[in-house]
Amino acid sequence: MHKIVIMISNQIVMSKKPEDTYQWASKLAHALVPGSIIALYGELGAGKTCFVQGLAAGLGIDQPITSPTYTLIHEYHGTTALYHIDLYRINSTEEALNLGLDEYLDGQGITAIEWAQRADSLIPPHTIHVYIDAGSEEKERIITIKTKT
Ligand SMILES: Nc1ncnc2c1ncn2[C@@H]1O[C@H](COP(=O)(O)OP(=O)(O)OP(=O)(O)O)[C@@H](O)[C@H]1O
Ligand SMILES: [Mg+2]
(Lines give C-alpha, C1' and ligand atoms only; values in the text may rest on other atoms or scores of the structure.)
(Ligands and ions follow the chains in the order given, each with its own letter.)
Protein backbone atom coordinates (compact mmCIF):
# COMPACT_ATOMS: atom_id res chain seq x y z
CA MET A 1 0.00 0.00 0.00
CA HIS A 2 2.81 2.36 0.89
CA LYS A 3 4.27 2.32 -2.64
CA ILE A 4 0.93 2.95 -4.26
CA VAL A 5 0.28 5.94 -2.05
CA ILE A 6 3.63 7.46 -3.05
CA MET A 7 2.79 6.95 -6.75
CA ILE A 8 -0.39 8.98 -6.52
CA SER A 9 0.72 11.56 -3.96
CA ASN A 10 1.10 15.29 -4.41
CA GLN A 11 -0.28 15.72 -7.87
CA ILE A 12 -2.15 18.67 -9.29
CA VAL A 13 -4.64 17.97 -12.05
CA MET A 14 -6.46 20.58 -14.10
CA SER A 15 -10.05 19.62 -14.86
CA LYS A 16 -11.82 21.58 -17.59
CA LYS A 17 -15.19 19.84 -17.37
CA PRO A 18 -17.06 17.32 -15.17
CA GLU A 19 -15.99 14.45 -17.45
CA ASP A 20 -12.31 15.25 -16.73
CA THR A 21 -12.89 15.02 -12.97
CA TYR A 22 -14.83 11.78 -13.44
CA GLN A 23 -12.19 10.22 -15.66
CA TRP A 24 -9.31 11.21 -13.48
CA ALA A 25 -11.05 9.73 -10.43
CA SER A 26 -11.79 6.52 -12.30
CA LYS A 27 -8.08 6.19 -13.08
CA LEU A 28 -7.17 6.83 -9.46
CA ALA A 29 -9.53 4.00 -8.49
CA HIS A 30 -7.17 1.51 -10.13
CA ALA A 31 -4.36 2.52 -7.76
CA LEU A 32 -6.48 1.93 -4.66
CA VAL A 33 -6.27 -1.08 -2.39
CA PRO A 34 -8.71 -2.49 0.19
CA GLY A 35 -8.88 -0.06 3.09
CA SER A 36 -7.96 3.02 1.01
CA ILE A 37 -9.53 6.24 2.24
CA ILE A 38 -10.18 9.27 0.06
CA ALA A 39 -10.96 12.51 1.92
CA LEU A 40 -12.57 15.15 -0.29
CA TYR A 41 -12.53 18.89 0.33
CA GLY A 42 -14.10 21.74 -1.62
CA GLU A 43 -17.05 24.11 -1.55
CA LEU A 44 -20.65 23.12 -2.27
CA GLY A 45 -20.78 22.15 -5.93
CA ALA A 46 -17.00 21.84 -6.25
CA GLY A 47 -17.28 18.35 -7.74
CA LYS A 48 -16.69 15.99 -4.80
CA THR A 49 -19.65 13.76 -5.66
CA CYS A 50 -18.63 13.87 -9.34
CA PHE A 51 -15.20 12.60 -8.24
CA VAL A 52 -16.77 9.75 -6.23
CA GLN A 53 -18.90 8.82 -9.27
CA GLY A 54 -15.68 8.44 -11.24
CA LEU A 55 -14.11 6.39 -8.46
CA ALA A 56 -17.12 4.08 -8.45
CA ALA A 57 -16.92 3.60 -12.21
CA GLY A 58 -13.24 2.74 -11.88
CA LEU A 59 -14.09 0.20 -9.19
CA GLY A 60 -16.56 -1.49 -11.52
CA ILE A 61 -19.65 -0.35 -9.64
CA ASP A 62 -22.45 0.12 -12.14
CA GLN A 63 -25.16 1.38 -9.78
CA PRO A 64 -25.98 5.11 -9.93
CA ILE A 65 -24.02 7.07 -7.32
CA THR A 66 -26.18 9.71 -5.67
CA SER A 67 -25.15 12.24 -3.07
CA PRO A 68 -25.53 10.97 0.50
CA THR A 69 -26.20 14.52 1.74
CA TYR A 70 -29.26 13.49 3.78
CA THR A 71 -28.58 9.81 4.35
CA LEU A 72 -24.90 10.48 5.19
CA ILE A 73 -23.65 7.05 4.05
CA HIS A 74 -24.25 5.02 0.90
CA GLU A 75 -22.73 1.57 0.49
CA TYR A 76 -22.04 -0.02 -2.90
CA HIS A 77 -20.76 -3.50 -3.54
CA GLY A 78 -18.73 -4.08 -6.70
CA THR A 79 -15.51 -6.08 -6.85
CA THR A 80 -14.54 -3.89 -3.89
CA ALA A 81 -17.03 -2.27 -1.53
CA LEU A 82 -17.31 1.51 -1.76
CA TYR A 83 -18.53 3.52 1.20
CA HIS A 84 -19.56 7.01 0.15
CA ILE A 85 -19.92 9.28 3.16
CA ASP A 86 -20.95 12.94 3.33
CA LEU A 87 -20.20 14.71 6.61
CA TYR A 88 -21.62 18.11 5.61
CA ARG A 89 -24.39 17.81 8.17
CA ILE A 90 -22.39 16.59 11.10
CA ASN A 91 -21.10 19.02 13.70
CA SER A 92 -18.78 17.02 15.91
CA THR A 93 -16.44 14.06 16.06
CA GLU A 94 -18.95 12.41 18.35
CA GLU A 95 -21.67 12.57 15.69
CA ALA A 96 -19.27 10.99 13.18
CA LEU A 97 -18.54 8.20 15.63
CA ASN A 98 -22.27 7.65 16.11
CA LEU A 99 -22.50 7.06 12.36
CA GLY A 100 -19.91 4.32 12.74
CA LEU A 101 -17.31 6.28 10.77
CA ASP A 102 -14.39 4.59 12.54
CA GLU A 103 -15.68 1.15 11.53
CA TYR A 104 -15.83 2.16 7.86
CA LEU A 105 -12.32 3.61 8.12
CA ASP A 106 -10.98 0.38 9.61
CA GLY A 107 -12.77 -1.79 7.06
CA GLN A 108 -11.61 -3.49 3.87
CA GLY A 109 -13.66 -1.37 1.50
CA ILE A 110 -12.76 1.92 -0.17
CA THR A 111 -14.11 4.85 1.84
CA ALA A 112 -14.70 8.23 0.17
CA ILE A 113 -15.62 11.06 2.52
CA GLU A 114 -16.98 14.44 1.43
CA TRP A 115 -16.48 17.29 3.92
CA ALA A 116 -13.86 15.16 5.68
CA GLN A 117 -12.70 18.22 7.67
CA ARG A 118 -15.83 17.78 9.84
CA ALA A 119 -14.14 14.73 11.39
CA ASP A 120 -10.53 15.72 10.99
CA SER A 121 -9.29 13.96 14.12
CA LEU A 122 -10.69 10.59 12.95
CA ILE A 123 -9.00 10.60 9.53
CA PRO A 124 -6.06 8.15 9.54
CA PRO A 125 -2.53 9.06 8.33
CA HIS A 126 -2.68 6.86 5.20
CA THR A 127 -5.63 8.83 3.82
CA ILE A 128 -5.42 10.30 0.32
CA HIS A 129 -6.57 13.92 0.52
CA VAL A 130 -8.28 15.41 -2.55
CA TYR A 131 -8.84 19.17 -2.68
CA ILE A 132 -11.10 20.53 -5.42
CA ASP A 133 -10.82 24.26 -6.03
CA ALA A 134 -12.43 26.57 -8.56
CA GLY A 135 -10.35 27.49 -11.60
CA SER A 136 -10.55 30.63 -13.72
CA GLU A 137 -13.34 29.34 -15.98
CA GLU A 138 -16.82 28.31 -14.82
CA LYS A 139 -16.18 24.60 -15.35
CA GLU A 140 -12.53 24.57 -14.48
CA ARG A 141 -11.41 22.85 -11.29
CA ILE A 142 -7.96 22.46 -9.81
CA ILE A 143 -7.67 19.07 -8.15
CA THR A 144 -4.81 18.62 -5.69
CA ILE A 145 -3.99 15.16 -4.37
CA LYS A 146 -1.92 14.92 -1.19
CA THR A 147 -0.79 12.15 1.06
CA LYS A 148 1.10 12.52 4.30
CA THR A 149 3.54 9.71 3.59
N1 LIG B 1 -14.61 20.41 -13.89
C2 LIG B 1 -15.65 19.98 -13.16
N3 LIG B 1 -15.52 18.93 -12.32
C4 LIG B 1 -16.56 18.51 -11.57
N5 LIG B 1 -17.79 19.07 -11.58
C6 LIG B 1 -17.97 20.13 -12.40
C7 LIG B 1 -16.92 20.63 -13.22
N8 LIG B 1 -17.41 21.67 -13.93
C9 LIG B 1 -18.67 21.82 -13.59
N10 LIG B 1 -19.05 20.91 -12.68
C11 LIG B 1 -20.40 20.81 -12.11
O12 LIG B 1 -20.31 21.13 -10.75
C13 LIG B 1 -21.24 20.35 -10.02
C14 LIG B 1 -20.51 19.51 -9.00
O15 LIG B 1 -21.47 18.89 -8.19
P16 LIG B 1 -21.12 17.84 -7.07
O17 LIG B 1 -22.42 17.35 -6.55
O18 LIG B 1 -20.13 16.87 -7.58
O19 LIG B 1 -20.41 18.80 -5.99
P20 LIG B 1 -20.04 18.50 -4.49
O21 LIG B 1 -18.67 19.05 -4.29
O22 LIG B 1 -20.27 17.07 -4.20
O23 LIG B 1 -21.07 19.40 -3.67
P24 LIG B 1 -21.71 19.17 -2.21
O25 LIG B 1 -20.76 19.77 -1.21
O26 LIG B 1 -22.99 19.92 -2.29
O27 LIG B 1 -21.90 17.70 -2.00
C28 LIG B 1 -21.97 19.46 -11.02
O29 LIG B 1 -23.18 20.11 -11.40
C30 LIG B 1 -21.00 19.40 -12.19
O31 LIG B 1 -21.63 19.21 -13.43
MG1 LIG C 1 -21.44 16.07 -2.87
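Residues numbered from 1 in each chain as written. Chains lettered and ligands numbered in written order. Predicted model: local features only at pLDDT ≥ 70, side-chain atom pairs only at ≥ 80, totals over all residues. Heavy atoms only, no water.

J.: Quick question: what am I supposed to make of the nonpolar core here?
T.: The nonpolar side chains of soluble globular proteins are, as a tendency, buried together. In this structure, Ile38, Leu40, Phe51, Leu55, Leu82 and Val130 are the most contacted members of the largest nonpolar core, which totals 25 residues. Apart from residues no more than four positions distant in its own chain, Leu55 is found in contact with Ala25, Ser26, Leu28, Ala29, Leu32, Ile38 and Ala112. In this structure, Leu72, Ile73, Tyr104 and Ala119 belong to the second largest nonpolar core, which totals 19 residues. (Core = buried A, V, L, I, M, F, W, Y, C linked by side-chain atoms within 4.5 Å. Buried < 20%, exposed > 50% of the residue type's maximum accessible area, 1.4 Å probe, protein only. Contact = heavy atoms within 4.5 Å.)

J.: How should I be thinking about the coordination of the magnesium ion (ligand 2) in this particular structure?
T.: Put simply, a metal with four donors set out as a tetrahedron has ideal angles of 109.5 degrees, and one with six donors set out as an octahedron has ideal angles of 90 or 180 degrees. At 2.1 Å from the magnesium ion (ligand 2) lie its protein donor atoms, namely Thr49 (OG1) and Glu114 (OE). Residue Thr49 is found in helix 3 (residues 48–58), and its partner Glu114 is found in strand 5 (residues 110–114); the two are separated by 65 residues along the sequence. Each member of the pair, Thr49 as well as Glu114, is classed as buried. (Donors = N, O, S within 2.8 Å, 3.2 Å for Na, K, Ca; no water. Helix = DSSP H or I, 4+ residues; strand = E, 2+ residues; numbered from the N terminus.)

J.: Hey, could you run me through the environment of Lys27 in this one?
T.: Topologically, Lys27 is positioned in helix 2 (residues 18–29). Residues Lys27 and Gly54, 27 residues apart in the sequence, show an inter-C-alpha distance of 8.1 Å.

J.: Teacher, can you tell me more about the environment of Thr127 here?
T.: If you trace the backbone, Thr127 turns up in the loop between strand 5 and strand 6 (128–134). The spatial distance from the C-alpha of Thr127 to the C-alpha of Leu87 is 16 Å, given a sequence separation of 40 residues. Dropping the residues within four chain positions of it, Thr127 is found in contact with Ile37, Ala39, Lys146 and Thr147. Within the local environment of Thr127, its side chain forms a polar contact with the backbone oxygen of Pro124, the two atoms lying 2.7 Å apart. (Polar contact = N/O pair within 3.5 Å; in protein donor to acceptor, adjacent residues only side chain to side chain.)

J.: Looking at this structure, I do not really get the environment of Leu97. What am I missing?
T.: With respect to the helices, strands and loops of the structure, Leu97 is situated in helix 4 (residues 93–98). Separated by 73 residues in sequence, Leu97 and Trp24 place their C-alpha atoms 31 Å apart. Residues contacting Leu97, with those up to four places away along its chain left out, are Asp102 and Leu122.

J.: Would you mind going over the site of ligand 1 with me for this structure?
T.: Around ligand 1, a shell composed of 17 residues is seen, among which Thr21, Gly45, Lys48, Thr49 and Lys139 lie nearest. At 3.2 Å from an oxygen atom of ligand 1 is found a main-chain nitrogen or oxygen belonging to Ala46. When ligand 1 is considered free in solution it has 650 Å² of accessible area, and contact with the protein chains removes 74% of it. Secondary structure elements with two or more residues in the shell around ligand 1: helix 2 and helix 3. Take the shell around ligand 1: its biggest share by element is three residues, from helix 3. (Near = heavy atom within 4 Å. Areas by Shrake-Rupley, 256 points an atom, 1.4 Å probe, with all protein chains shown as cover.)

J.: What should I look at first to understand the sheet that holds strand 4 (residues 81–86) in this one?
T.: In sheet architecture, strand pairing relies on hydrogen bonds along the backbone and comes in two forms, parallel and antiparallel. If you walk across this open sheet you meet the seven strands as 1-7-6-2-5-4-3, and the pairing is mixed. The strands lining the two open edges of the sheet, one partner per strand, are strand 1 (11–15) and strand 3 (73–77). Within the sheet, the average angular offset between the axes of one strand and its neighbour, ignoring direction, is 15°. When strand 3 meets strand 4, the two strands line up antiparallel, connected through five bridges. (Pairing = 2+ DSSP bridges. Axes fitted to C-alpha atoms, helices over the stretch in contact; angles between N-to-C directions.)

J.: Is there a simple way to explain the packing of aromatic side chains in this structure?
T.: How two aromatic rings sit relative to each other is given by the distance of their centres and the angle of their planes. Going through the model one piece at a time under the given rule, you end up with three aromatic pairs. With a centroid separation of 4.6 Å and an interplanar angle of 15°, the aromatic rings of Tyr41 and Tyr131 are classed as stacked. Of the two residues, Tyr41 sits in strand 2 (residues 37–41) while Tyr131 sits in strand 6, which places them 90 residues apart along the sequence. Relative accessible area serves as the criterion here: at 29%, Tyr131 is assigned to the partly exposed category. (Phe/Tyr/Trp six-rings, centres within 6.5 Å; stacked < 30°, edge-to-face > 60°.)

Everything listed here is a matter of geometry and, on its own, says nothing about what the molecule does.
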